Amino acid sequence: MNDTQQEDFGPLTDLIGVWKGKDGVDIAPEPDGTETNPYFETITFEAVGGVTNAEAQDLMVVFYRQIVRRKSDNDVFHDETGYWMWDAKSQTVMHSLTIPRAVCVLAGGQYTGKKDADGRTVLEVSAAIDDDNWKIVQSPFMRDNASTTAFTHTLTVGNDTLSYAETTMLEIYGKTFEHTDANDLVRA
Ligand code: HEM
């Protein structure tokens, strides 16, 4: 890892820090339909620094950990970790994540400099099992019983606020299910 000082995290810069959100809504699959779970969470983003691949690709890397608790009982019901990576040369944002269901995602997207109406940075990444570049890896059990087939994630950050909306497409209980999560967070 290179020195993080003087280095430019590009569109990931504003992520670094600790964020708290109390208005999350999770839509999750149940055998007989849908479960809606209001939640609160803490997401911590830490600067890792620069990484060089094959002496040719320079990435700037941010590590994160997301701990999500169900409002009804305060129990942790989603625990996620991974990295956000910025390749300035190709203007690509990458998001790797792993969840303790034996599912991993490497999502990616082009950063176009997009901002929302409030001037916040908009990051858009996606992955799919049949995509050539950005893929999903899962255990044999999950592949056969609760397969993640696609993932899209839009994260908007700036002005000490962070919002995200993500959709995980699942093949579960004999049907296709749109598992969604969204929240608005503020810098702690
Ligand atoms: C804030 C984010 C998330 C929350 C709060 C959340 C919550 C949940 C909940 C409550 C269930 C139902 C569990 C059950 O019925 O026992 C579920 C299922 C599932 N989630 Fe998530 N999830 C989140 C994000 C994700 C992401 C990012 C992925 C993968 C990319 C994912 C993959 C799955 C899978 C594969 C299942 C099916 C397993 C099952 O229902 O037995 N989830 N999630």
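Up top you'll find the structure we're talking about.
Calculation criteria
- Residues numbered from 1 in each chain as written.
- Predicted model: local features only at pLDDT ≥ 70, side-chain atom pairs only at ≥ 80, totals over all residues.
- Heavy atoms only, no water.
- Helix = DSSP H or I, 4+ residues; strand = E, 2+ residues; numbered from the N terminus.
- Buried < 20%, exposed > 50% of the residue type's maximum accessible area, 1.4 Å probe, protein only.
- Lys, Arg positive; Asp, Glu negative; His and termini not counted.
- Salt bridge = Lys/Arg side-chain N within 4 Å of Asp/Glu carboxyl O.
- Contact = heavy atoms within 4.5 Å.
- Donors = N, O, S within 2.8 Å, 3.2 Å for Na, K, Ca; no water.
- Phe/Tyr/Trp six-rings, centres within 6.5 Å; stacked < 30°, edge-to-face > 60°.

Caption draft 1: Main features of unusual backbone geometry. Positive phi, normally seen in glycine, also occurs at Asn74, with a value near 65°. Although it is not a glycine, Asn159 adopts a positive phi angle of roughly 55°. Relative to the assigned elements, Asn159 resides in the loop between strand E9 (146–158) and strand E10 (161–172).

Caption draft 2: Quick peek at the side chain of Asp181. Tracing the backbone shows Asp181 in strand E11 (residues 175–187). In this structure, Asp181 is buried with no salt-bridge partner, the nearest side chain bearing the opposite charge being Arg101 at 9.0 Å. Residues within four places of Asp181 in sequence aside, it is in contact with Val25, Asp26, Tyr39, Tyr164, Ala165 and Glu166.

Caption draft 3: Representation of the coordination of the iron atom of the ligand in the model. Here the protein supplies the iron atom of the ligand with just one donor, His179 (NE2), and that contact is 2.1 Å long. Note that His179 resides in strand E11.

Caption draft 4: Looking closely at the packing of aromatic side chains. All told, the structure shown has four aromatic pairs when counted by the stated rule. Seen from their ring centres, Trp86 and Tyr111 are 5.7 Å apart, and the 90° between their planes marks the pair as edge-to-face. Of this pair, Trp86 sits in strand E4 (residues 76–87) while Tyr111 sits in the loop between strand E6 (103–110) and strand E7 (121–128), and the two are 25 residues apart along the sequence.

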